[in-house]
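Chain residues, written in single-letter form:
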Amino acid sequence: GFTDHAVVSVAYERSLTEKGLGLLVPIHAGYYGDEYENALALGFGLGARKYIGRPFSGSYITFQSDYVYDWNEYLRWGSTGSLETVDFVSVTQLTFGYKWMWRTFSLDLSMGGAFYATETAKHTNVIGNANIGFPFGKENFGL
């Protein structure tokens, strides 16, 4: 919501303990281009997730922090040059959710609070996430 174009996120989740503590490593990317503007967003994050009850599925609480850098190149009217800007947004969130896990597919829904910081402003907001996942490992795909 703080960039002018869509950003797609892909994350890797790894179980750290048998008691349901996990590590999240998200990567963010987006691109937008037309005759007047080119924009590229890249970012990364790091999070910790604690499952309540069963490990790696069911109810959980997550603390996560992400940084997304947004490069915009605006073409100026009547000029051969361009004006380039670099913006960033950092998002720190605490969410509560539930993950349904099947052998080759997972669905993850969560809701919580987030703190957003840009170069010029700071905001708090409610955040909701909906994610689909594709588990992989020896038991799923023979890896």
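Here is a short report on the structure shown in this document. Note that the coordinates shown come from a computational prediction; the quantities given were computed from them, not determined experimentally.

1. Examining the environment of Q64
Here Q64 is to be found in strand β4 (residues 58–75). Classification of Q64 by relative accessible area gives buried; the value is 12%. For Q64 and L23, which are 41 residues apart along the polypeptide, the C-alpha to C-alpha distance reads 9.6 Å. Polar contacts involving the side chain of Q64 include one to the side chain of D66, which spans 2.8 Å.

2. Structural notes on the pairing of strand β7 (residues 122–133)
Where strand β6 (residues 106–118) meets β7, 12 bridges bridge the pair, whose relative direction is antiparallel. Its bridge partner being in β7, Y116 is matched across the sheet by H123. Between β6 and β7, which pair antiparallel in sequence order, lie 3 residues.

3. A few points about the packing of aromatic side chains
For any two aromatic rings, the description comes down to two numbers: the centre-to-centre distance and the angle of the planes. Throughout the structure, instances matching the rule amount to 7 aromatic pairs. With a centroid separation of 5.9 Å and an interplanar angle of 40°, the aromatic rings of F44 and Y67 are classed as tilted. Here the residue F44 occupies a position in strand β3 (residues 37–52), and Y67 occupies one in strand β4, the gap between them amounting to 23 residues. Owing to a relative accessible area of 48%, F44 belongs among the partly exposed residues under this scheme. A ring pair is formed by Y51 and Y60, whose centres lie 5.7 Å apart and whose planes are at 65°; its orientation type is edge-to-face. By relative accessible area, Y51 is classed as buried at 2%. You can call Y60 buried: its relative accessible area is 2%. Put simply, the rings of Y51, F56 and Y60 pair up and form one aromatic cluster. For R49, the ring lying beneath its charged end belongs to Y60, and the centroid distance is 3.8 Å. When the ring centre of F56 is taken as reference, the NZ or CZ atom of K99 above it lies at 4.2 Å.

Procedures and definitions
- Residues numbered from 1 in each chain as written.
- Predicted model: local features only at pLDDT ≥ 70, side-chain atom pairs only at ≥ 80, totals over all residues.
- Heavy atoms only, no water.
- Helix = DSSP H or I, 4+ residues; strand = E, 2+ residues; numbered from the N terminus.
- Buried < 20%, exposed > 50% of the residue type's maximum accessible area, 1.4 Å probe, protein only.
- Polar contact = N/O pair within 3.5 Å; in protein donor to acceptor, adjacent residues only side chain to side chain.
- Pairing = 2+ DSSP bridges.
- Phe/Tyr/Trp six-rings, centres within 6.5 Å; stacked < 30°, edge-to-face > 60°.
- Lys NZ or Arg CZ within 6 Å of the ring centre and 35° of its normal.

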